[in-house]
Amino acid sequence: MSLTQARTVGFKSGERNIFFHVLTACNLSCRHCYINPEQHGSSTVSRETLEKWLELFQDKHRESNVIFLGGEPTMHPELPHVIRYAKKLGYSSVTVDTNGYLFHDFLDKVAPSDLDFLSFSLDGPNPEVNDPLRGDGVFDTCTKNLQTAVTRGFNVSLIYTVSRYNIEHLHKMVPLLAQWGVKRFFIQVIGIRGKTAINGADNWQLTPEEWLEKIPKVAADAATHGITAIFPKVFLEPEGKFECAGRVAENYFIFPNGRVYQCPLCEDYPVNVFRIEENRLIKNTGFTEGKFFSLDIPEGCVINKMLQPDNLRYDTDGKPLYKISCCLLKQEITPI
Ligand code: SF4
Ligand code: SF4
């Protein structure tokens, strides 16, 4: 058996992460889609604006990483151009998160050296599990394109969003990922956002027991197969150290309508702390997500308590049995 090493990652001081939604349009209609056009707009960011906004968020004095997402970012015909533009500006890493359809001959228009990671989303080890969640035929298309990307020399990672509908099948992903040559395995917890929030959240959400029993084991197994596994910590001991990324880190979630959030849990609400106007970043006044970041509560994440309190438990004295960690705090298990 190979050796593995676990560490907590998530906030690196002095690092800046830009999650850039270049459009909200998508060819799929996943049952748990978090995109909310009412809040995020339905426009596509133009080539010129993409360049300007990349310039706006790049900081030459600190490590800056950009993740292009959507909607489906490869539907944007200028994506290959902006990937190279981001590299030219000096972004430390450039990642694309795709649903696997790779429009506009994406793999022919970018070179493996242009991209640090190409991340595919898949929510099951076979069409029977994946396709009811993501759409008919998605498993076959996504896995075929994923393997083509590996063959062409791209660093490929995979994102699996765990919910009640697919947790039992998560462990079957590990041998597949090893066979396909995937290097990183992101295990995400389902967020009660977008469609999930209006589609019976209780049917999706996992209990602490389910999460703690299954996820760390699968991640450790992935690492023994030579794959780095990353998953959110979610639950912290009552005395564990809690930090809010909104307070200590620099994460920007940018949407085509110019809204810029610092906390992804807030994206269903018009409480974004920043907005972009005429290519300038402006801090919003009034009631914004920023107001919550500095509140200290025994349950940990304030926004979690407001939006999804069902995942909290208390003892008979009313003390929380655990804290909910920041959704951006991750555990990483690497092969050594
Ligand atoms: S691929 Fe992503 S953006 Fe498209 S429908 Fe699915 S979750 Fe939503
Ligand atoms: S998820 Fe909670 S802890 Fe993390 S940034 Fe948002 S409010 Fe802060």
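As shown above, the structure is provided for reference.
About the thresholds
Residues numbered from 1 in each chain as written. Chains lettered and ligands numbered in written order. Predicted model: local features only at pLDDT ≥ 70, side-chain atom pairs only at ≥ 80, totals over all residues. Axes fitted to C-alpha atoms, helices over the stretch in contact; angles between N-to-C directions. Helix = DSSP H or I, 4+ residues; strand = E, 2+ residues; numbered from the N terminus. Parallel < 35°, antiparallel > 145°, perpendicular 65-115°, else oblique. Left-handed = near helix turned anticlockwise from the far one by under 90°. Contact = placed C-beta atoms within 7 Å. Nonpolar A, V, L, I, M, F, W, Y, C, P; charged D, E, K, R; others polar. Core = buried A, V, L, I, M, F, W, Y, C linked by C-beta atoms within 7 Å. Buried ≥ 20, exposed ≤ 12 C-beta atoms within 10 Å, placed from the backbone. Near = placed C-beta within 6 Å.

Draft legend 1. Structural detail: the packing of helix α2 (residues 47-57) against helix α3 (residues 79-89). At a closest axis distance of 10 Å, the pairing of α2 and α3 adopts a crossing angle of 25 degrees. With respect to their mutual orientation, α2 and α3 come out roughly parallel. Regarding α2 and α3, the two cross each other, and that crossing is right-handed. Counting all contacts with α2, which are made through Arg47, Leu50, Glu51, Leu54 and Glu55, the residues of α3 involved are His81, Val82, Tyr85, Ala86 and Leu89. Among the residues making up the contact of α2 with α3, the classes are represented as 6 nonpolar, 1 polar and 3 charged.

Draft legend 2. Structural detail: the nonpolar core. Counting residues in hydrophobic clusters, the biggest one holds 82 residues, and the most contacted among them are Ile187, Ala219, Ala222 and Ala229. With near-sequence residues (within four places) excluded, Ala229 lies in contact with Phe185, Ile187, Ala219, Ala222, Ala223 and Ile333.

Draft legend 3. Quick look at the site of ligand 2. Within the structure, ligand 2 sits among 14 residues, and Cys244, Gly246, Cys263, Cys301 and Cys326 are positioned closest to it. For the shell around ligand 2, the leading source of residues is helix α13 (residues 302-307), giving 3 residues. A per-class count over the shell around ligand 2 returns 12 nonpolar, 2 polar and no charged.

Draft legend 4. Representation of unusual backbone geometry. Across the junction of Gly70 and Gly71, the peptide omega takes the value 20 degrees, indicating a cis bond. Considering the arrangement of structural elements, one finds Gly71 in the loop between β3 (63-69) and α3. In this structure, His104 takes a positive phi of about 55 degrees despite not being glycine. Structurally, His104 is set in the loop between β4 (93-98) and α4 (106-109). With a phi close to 60 degrees, Asn279 is a non-glycine residue in the positive phi region. Summarising the element assignment, Asn279 is placed in the loop between β12 (274-277) and β13 (280-283).

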